[in-house]
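Given next are the chains, with one letter for each unit.
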Amino acid sequence: MQQLNESEIKKELEIDANALGIPLGSAEVFINRAYASASKRLSKRSIVTELDIRNAIFQELSKYHKDFAYVYKNRGKII
């Protein structure tokens with residue numbers, strides 16, 4: 001199983017949250033909850049791709065902040 005690189009993912013999420021102007025405290029809560037839920041869901045799989053990780057985090061972030069989730073999912077595609 002591919003390891004989720006927690007620090008890398010959280011850093012990307014912090015950059016996206018900052019770009020959207022989401023307050024740091026709120027962003028940390030969103031990030032930690034989304035990461036924990038995604039990790040739990042993906043731990044049941046024997047094979048995990050980067051796309052699986054991104055989709056799981058996107059789905060969890062969508063529960064808290066739709067714009068934040070959209071920016072994360074489309075990271076690298078948005079100009």
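Relevant structure appears above.
Predicted model only: the values in this text are computed from it and were never measured. (Residues numbered from 1 in each chain as written. Predicted model: local features only at pLDDT ≥ 70, side-chain atom pairs only at ≥ 80, totals over all residues. Heavy atoms only, no water.)

Peer 1: Teacher, can you tell me more about the overall build of the chain here?
Peer 2: On a plain count of helices and strands, the chain comes out with 4 helices and 0 strands. The linear arrangement of helices and strands in the chain, starting from the amino end, is α-α-α-α. In terms of overall dimensions, the chain is globule-like: its C-alpha atoms have a radius of gyration of 12 Å, near the 12 Å expected for 79 residues. Reported as C-alpha extents along the three principal axes, the dimensions of the chain are approximately 35 × 25 × 20 Å. The burial tally for the chain puts 37% of its 79 residues in the buried class. In the chain, the proportion of contacts linking residues at least 24 apart, taken out of those at least 6 apart, comes to 58%. Of the accessible surface of the chain, which amounts to about 5200 Å², a share of 52% is contributed by carbon and sulfur atoms. (Helix = DSSP H or I, 4+ residues; strand = E, 2+ residues; numbered from the N terminus. Rg over C-alpha atoms; globule rule 2.2 N^0.38 Å. Buried < 20%, exposed > 50% of the residue type's maximum accessible area, 1.4 Å probe, protein only. Contact = heavy atoms within 4.5 Å. Areas by Shrake-Rupley, 256 points an atom, 1.4 Å probe, with all protein chains shown as cover.)

Peer 1: Teacher, can you tell me more about the nonpolar core here?
Peer 2: Buried together is how nonpolar side chains tend to be arranged in soluble globular proteins. Core analysis: the largest hydrophobic core is formed by 19 residues, its most contacted members being Ile9, Leu13, Ile57, Leu61 and Phe68. Here the element with the most residues in this core is helix H2 (residues 24–42); it accounts for 7 residues. For Ile57, the residues in contact, after removing those within four places along its chain, are Ile9, Leu13, Ala34, Tyr35, Ala38 and Tyr72. (Core = buried A, V, L, I, M, F, W, Y, C linked by side-chain atoms within 4.5 Å.)

Peer 1: Could you clarify how one ought to interpret the packing of aromatic side chains in this entry?
Peer 2: For any two aromatic rings, the description comes down to two numbers: the centre-to-centre distance and the angle of the planes. Summed over the entire model, instances satisfying the criterion amount to 1 aromatic pair. Judged by centre distance (5.8 Å) and plane angle (15°), the ring pair of Phe30 and Tyr64 falls under stacked. One end of the pair, Phe30, is in helix H2; the other, Tyr64, is in the loop between helix H3 (50–62) and helix H4 (66–73), and 34 residues separate them in sequence. Relative accessible area serves as the criterion here: at 30%, Tyr64 is assigned to the partly exposed category. (Phe/Tyr/Trp six-rings, centres within 6.5 Å; stacked < 30°, edge-to-face > 60°.)

Peer 1: Quick question: what am I supposed to make of the pattern of salt bridges here?
Peer 2: Two side chains with opposite charge may pair up if their charged atoms get near one another. Counted by the stated rule, this structure contains 8 salt bridges. Where Lys10 meets Glu6, a salt bridge forms, and the shortest distance between an N and an O atom there is 2.7 Å. Here the residue Lys10 and the residue Glu6 both occupy positions in helix H1 (residues 6–20), the gap between them amounting to 4 residues, near one helical turn. Taking the relative accessible area as the measure of exposure, Glu6 reaches 38% and is therefore partly exposed. Note that Arg54 and Glu50 form a salt bridge whose closest N and O atoms lie 3.6 Å from each other. With Arg54 and Glu50 both in helix H3 and 4 residues apart, this pair spans about one turn of that helix. A single salt-bridge network, built from bridges that share partners, covers Glu12, Asp16, Glu50, Arg54 and Arg75. (Salt bridge = Lys/Arg side-chain N within 4 Å of Asp/Glu carboxyl O.)

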